[in-house]
Amino acid sequence: MTVGSTCVLVETGDEDPIMGVAALVSGLIGDTAGKLSKECGALLQAGKFTAVVSKIMEGSNGAALFSQAPEKDLEASVLIIGGLAQRLAATDAASCVDQLVAAALATTDRASTRATVLFQLYNMVTDLPARLAILNKTLAFVRQARLAELGAPLSRHV
């Protein structure tokens, strides 16, 4: 019996993926001097990935990412941050994911996109108590945002 596999080719550049997210957020907040990207670059060079995520997600930066970024860019940014966070120690990974979840839950504008991102985070996290917490927050968000049409499709992923 042969098991099929899928290979996905992704075009990348020399830039670190997290720096691409920082540049995206810089553009969204009108940081023409690139201050956010420079600060994130310095933190990344120092090996402080969690601090980079905090800098990207803090205050109006995270709000801009979730409210202004095109849907595909938002999803890619969350996948980059969440995916890279899974390689960290459990407490650091949880901190990064918690910041993403908090930003996604901040408001119900673009609710279906935010719910999609929350479920991507749910599927990404391997720690069972953390997964349950994300699931509970996601379901509460779906209820609050009145996204009943997402109930059935979401339940298939659990």
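Here, every reference points to the structure presented above.
Residues numbered from 1 in each chain as written. Predicted model: local features only at pLDDT ≥ 70, side-chain atom pairs only at ≥ 80, totals over all residues. Heavy atoms only, no water.

Honestly, the pattern of salt bridges in this entry has me stumped. Any pointers?
If the charged atoms of two oppositely charged side chains come close together, the side chains can form a pair. Applying the stated rule across the entire model yields four salt bridges. We note a salt bridge from Glu39 to Lys35, for which the minimum N-O separation is 3.8 Å. On the criterion of helical spacing, the pair formed by Glu39 and Lys35 is a turn pair, its members being four residues apart in helix H2 (residues 35–45). Residues participating in the shared-partner salt-bridge network are Lys35, Glu39, Lys55 and Glu58. (Salt bridge = Lys/Arg side-chain N within 4 Å of Asp/Glu carboxyl O. Helix = DSSP H or I, 4+ residues; strand = E, 2+ residues; numbered from the N terminus.)

Looking at this structure, I do not really get the side chain of Arg114. What am I missing?
Along the chain, Arg114 falls in helix H7 (residues 111–124). Owing to a relative accessible area of 2%, Arg114 belongs among the buried residues under this scheme. One polar contact links the side chain of Arg114 to the main-chain carbonyl oxygen of Ala104, over a distance of 3.2 Å. Residues contacting Arg114, with those up to four places away along its chain left out, are Phe66, Ser67, Ala103, Ala104, Ala106, Thr107, Asp109 and Phe141. (Buried < 20%, exposed > 50% of the residue type's maximum accessible area, 1.4 Å probe, protein only. Polar contact = N/O pair within 3.5 Å; in protein donor to acceptor, adjacent residues only side chain to side chain. Contact = heavy atoms within 4.5 Å.)

How should the nonpolar core be read in this particular structure?
Most often, soluble globular proteins have nonpolar side chains that are buried together. Counting residues in each nonpolar core, the largest one holds 43 residues, and the members touching the most others are Ile18, Ile56, Met57, Leu65 and Phe66. Ranked by residue count, the leading element in this core is H7, at seven residues. Leave out the neighbours within four places in its chain, and Ile56 touches Ile18, Val21, Ala22, Val25, Cys40, Asn61 and Gly62. (Core = buried A, V, L, I, M, F, W, Y, C linked by side-chain atoms within 4.5 Å.)

Please explain unusual backbone geometry as it appears in this structure.
Most peptide bonds take the trans form, and the phi angle of most residues other than glycine is negative. Non-glycine residue Arg110 carries a positive phi angle of around 55°. The phi torsion at Arg146 lies on the positive side, around 60°, for a residue other than glycine. Mapped onto the elements of the fold, Arg146 is located in the loop between helix H8 (128–144) and helix H9 (151–155).

Explain helix H6 (residues 90–105) here, please?
Within an α-helix, residues lying three or four positions from one another point in the same direction, as the helix has 3.6 residues per turn. Along its 16 residues, H6 runs 22 Å from first to last C-alpha, staying within 8% of the 22 Å computed at 1.5 Å per residue. Tucked inside the fold, the buried residues of H6 contact helix H3 (49–57), helix H4 (59–68), helix H5 (71–85), H7 and H8. (Expected span 1.5 Å × (residues − 1).)

What should I look at first to understand the side chain of Ser26 in this one?
Take Ser26: it is sitting in helix H1 (residues 17–28). Apart from residues no more than four positions distant in its own chain, Ser26 is found in contact with Asp31, Gly34, Leu36 and Ser37.

Could you clarify how one ought to interpret the environment of Ser67 in this entry?
Its location among the elements puts Ser67 in helix H4. Classification of Ser67 as partly exposed rests on a relative accessible area of 29%. In this structure, the C-alpha to C-alpha distance between Ser67 and Thr113, residues 46 residues apart in sequence, is 9.8 Å. Dropping the residues within four chain positions of it, Ser67 is found in contact with Asp109, Arg110 and Arg114. Of the polar contacts made by the side chain of Ser67, one reaches the backbone oxygen of Ala63; its length is 2.7 Å.

Teacher, can you tell me more about H1 here?
With twelve residues, H1 extends 17 Å from end C-alpha to end C-alpha; this agrees with the ideal 16 Å at 1.5 Å per step. For H1, the full list of buried residues reads Ile18, Met19, Val21, Ala22, Val25, Ser26 and Leu28. The inward-facing, buried residues of H1 contact H2, H3, H4 and H5. The N-cap residue of H1 is Asp16: its side-chain oxygen and the backbone nitrogen of Ile18 are 3.1 Å apart.

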